[in-house]
Amino acid sequence: MLTLFKGLWRDAPRSPIAEMPRKAPLLLAIIASLAIGAALPGLVAKMRGSAPADSGAGSQQTASPAAPEGLIKLSPEQIDAAKIGVAKAGPGVLKRQITVPATVKPDPDHLARVAAKVSGVVAEMRKKLGDDVAKGETIAVIDSREVADAKSEYLAALANYELQSQLFQREKGLFEKKITAEQLFLKAKATFTEAKLRLDLSRGKLAALDLSENEMTALANQPIARLREKEIRAPIKGRVIERLTNLGQPVTPESQIYVLADLSEVEAELAVPVANLASVRVGQPVVVKGADGRAFEGAVRVVNALITPETRTGHVVASFKNPDYAIHPGVLLNAEIALEQSPAKVVAPRAAVQLIHNEPTVFVRVKNGFEKRVVELGDGDEGSVEIVKGLSPGETIAVDNSFVLKAEAGKSEIPEE
């Protein structure tokens, strides 16, 4: 009986109290999990309710408000450092133009080839190559027997004229007083008229030798040694561009001594392609740039109908003012011929327009930097373009180094991680 009871006790299920020492850790873990699960919804709700307030307070203390879209914030120092140039957009003129080669030469209307006009020998050359001369200034002296004979003939005719004039006046007075016969009076009159004619002929010969009235008047008091001298005077104001004789060189009336040019006005021969020749008109503006980069404005003066066979180009001549002689004859330059001109309300340099996302964009100067603005373009020429929409006259835009602003605008579009 006792043995049976011990077997039953051993096989019977044990009570929870008996098993508690062994299962106590497991029960504690289950109880803790249930407690945390019951408290978790409340904690999450509390955190959700307080998070916006906490994050808002922190952002106000550590970050500034975000910049408006399209604004590139730059200080004046940064703008100067980047060498961003600005200018005001406003009305302008768009030009359709072509660029052609041009050869500069003196204007034929301001060119003088000075000839000796007499036979003789060069006695003096008073000007050197490149010297400036004034109109009427003596630039050379010719020693000429021809001039000496003409001056001597004039002096003799002048002396005879003065004598015959006195005799005629005497005979005229006597004839009026009925003292002398009419035949003597008429003979004195004929002799006086002949003397006057010889004087006029001698004066004409001196005038043909380029002697002025003042020179003729001074001949009576001129030393005999100077009767052989013929002074060569400058016919125009200008500069010596050629010196064609030397001292002691024999010359003829056709011999050239100097070539003078008034370079205050020059002309350029333009080689215009046949395709554009029909658009070129007399009076159209032409611009050439000198070696120093200066621009000189002129106009088309002649459009030749003949075509140069070798180059298949038309011959066009334009004239330019050259007051300080900055354009030198003989140089090769590029000339811009304005074929058409059209006014526009708002014009901007092409360098001011950047293409961003395939849209033409300009950068308008504002208080804190530059504002990116999409615009609509109209007609344009090589240097400028019309702004049809998006920009008002008088607004200041970036015209130099605007690609720097394009790069900055691209940085602002990169999303932050």
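Residues numbered from 1 in each chain as written. Predicted model: local features only at pLDDT ≥ 70, side-chain atom pairs only at ≥ 80, totals over all residues. Heavy atoms only, no water.

Chemist: Looking at this structure, I do not really get the overall build of the chain. What am I missing?
Modeler: Counting secondary structure elements, the chain contains eight helices and 22 strands. Counting over 417 residues, the chain shows a buried share of 30%. Taking the contacts inside the chain whose residues are at least 6 apart along the sequence as the reference set, 74% of them involve residues at least 24 apart. In the structure as shown, the chain presents an accessible area of about 26600 Å², 57% of it carried by carbon and sulfur atoms. (Helix = DSSP H or I, 4+ residues; strand = E, 2+ residues; numbered from the N terminus. Buried < 20%, exposed > 50% of the residue type's maximum accessible area, 1.4 Å probe, protein only. Contact = heavy atoms within 4.5 Å. Areas by Shrake-Rupley, 256 points an atom, 1.4 Å probe, with all protein chains shown as cover.)

Chemist: I keep staring at helix α5 (residues 182–208) and nothing clicks. Help me out?
Modeler: Along an α-helix, residues three or four positions apart point the same way, because every turn accommodates 3.6 residues. In this model α5 runs 39 Å from its N-terminal to its C-terminal C-alpha over 27 residues, within 8% of the 39 Å that 1.5 Å per residue would give. Within α5, the full set of buried residues consists of F185, A188, F192, A195, L199, S202 and L206. In the core, the buried residues of α5 are packed alongside α4 (145–176) and α6 (213–218). Just past α5, the residue D210 takes up positive phi, approximately 70°. (Expected span 1.5 Å × (residues − 1).)

Chemist: Before we go on, may I ask you to explain the packing of α4 against α5 in this structure?
Modeler: Geometry of a packed helix pair, given as the angle between the helix axes and the separation of the axes. Their axes nearest at 8 Å, the elements α4 and α5 cross at an angle of 155°. Relative to α5, α4 is oriented roughly antiparallel. As α4 runs across α5, the sense of the crossing is left-handed. Classifying every residue of the contact of α4 with α5 gives 15 nonpolar, five polar and ten charged. (Axes fitted to C-alpha atoms, helices over the stretch in contact; angles between N-to-C directions. Parallel < 35°, antiparallel > 145°, perpendicular 65-115°, else oblique. Left-handed = near helix turned anticlockwise from the far one by under 90°. Nonpolar A, V, L, I, M, F, W, Y, C, P; charged D, E, K, R; others polar.)

Chemist: I would appreciate a short explanation of α4 in the present structure.
Modeler: The end-to-end C-alpha separation of α4 is 46 Å, in line with the 46 Å expected for 32 residues at 1.5 Å each. Structurally, α4 contributes buried residues whose contacts are with α5, α6 and β8 (229–233). For α4, the N-terminal cap is S144; the gap from its side-chain oxygen to the backbone nitrogen of E146 is 3.2 Å. Downstream of α4 by one or two residues, K178 has phi in the positive range, about 65°. (Polar contact = N/O pair within 3.5 Å; in protein donor to acceptor, adjacent residues only side chain to side chain.)

Chemist: Help me out: how do you make sense of the confidence of the model for the chain in this one?
Modeler: Caution applies to low-pLDDT parts of the model: their predicted coordinates are not meant to be read in detail. Of all residues in the chain, 82% have pLDDT values of 70 or greater, and the mean over the chain is 80. Overall, residues 1–9 carries pLDDT values under 50, and its contacts beyond four positions in sequence, including any with other chains, amount to zero contacts. (pLDDT = per-residue confidence, 0-100.)

Chemist: Can you walk me through the sheet that holds β8 in this structure?
Modeler: Within a sheet, adjacent strands bond to each other through the backbone by hydrogen bonds, running parallel or antiparallel. Here four strands make up an open sheet; going across it, the order is β8-β7-β5-β10 and the pairing antiparallel. The outermost strands of the open sheet, each flanked by one partner alone, are β8 and β10 (250–251). Where strand β5 (residues 120–125) meets β10, two bridges bridge the pair, whose relative direction is antiparallel. Counterpart to V121 in the pairing with β10 is P250. (Pairing = 2+ DSSP bridges.)

Chemist: Looking at this structure, I do not really get the environment of G330. What am I missing?
Modeler: Tracing the backbone shows G330 in the loop between β15 (313–321) and β16 (332–349). Measuring from C-alpha to C-alpha, the distance between G330 and T103 comes to 6.4 Å, with 227 residues separating the pair along the chain.

Chemist: I tried to follow the nonpolar core on my own but got confused; where do I start?
Modeler: Nonpolar side chains in soluble globular proteins tend to end up buried together. Grouped together as the largest cluster of nonpolar side chains are 27 residues, with contacts concentrated most on I139, I142, L206, I232, I257, Y258 and L260. Counting only elements with at least two residues in this core, the list comes to β4 (111–115), β5, β7 (138–143), α4, α5 and β11 (256–261). Looking at which element gives the most residues to this core, the answer is α4, with four residues. Excluding its chain neighbours within four sequence positions, the residues that come into contact with Y258 are A112, R113, V114, M125, R126, K127, I139, A140, V240, E242 and R243. (Core = buried A, V, L, I, M, F, W, Y, C linked by side-chain atoms within 4.5 Å.)

Chemist: What should I look at first to understand unusual backbone geometry in this one?
Modeler: Peptide bonds are trans in most cases, and residues, glycine excluded, mostly fall at negative phi. Phi at Y325 takes a positive value of approximately 60°, unusual for a residue other than glycine. Note that Y325 resides in the loop between β15 and β16. For Y325, a relative accessible area of 19% gives the class buried. A positive phi is found at H357, a non-glycine position, where the angle reads about 55°. Within the element layout of this structure, H357 appears in the loop between β17 (354–356) and β18 (359–366). Residue classification places H357 among the exposed residues on the basis of a relative accessible area of 59%.

Chemist: Any chance you could explain the packing of aromatic side chains here in plain terms?
Modeler: Enumeration according to the criterion identifies four aromatic pairs in this entry. Aromatic pair F175 and F185: ring centres 4.8 Å apart, planes at 5°, arrangement stacked. Taken together, the residues span a long stretch of sequence, with F175 in helix α4 and F185 in helix α5 at a distance of ten residues. By the ring-pair criterion, three or more aromatic residues cluster together here, those being Y161, F168, F175, F185 and F192. (Phe/Tyr/Trp six-rings, centres within 6.5 Å; stacked < 30°, edge-to-face > 60°.)

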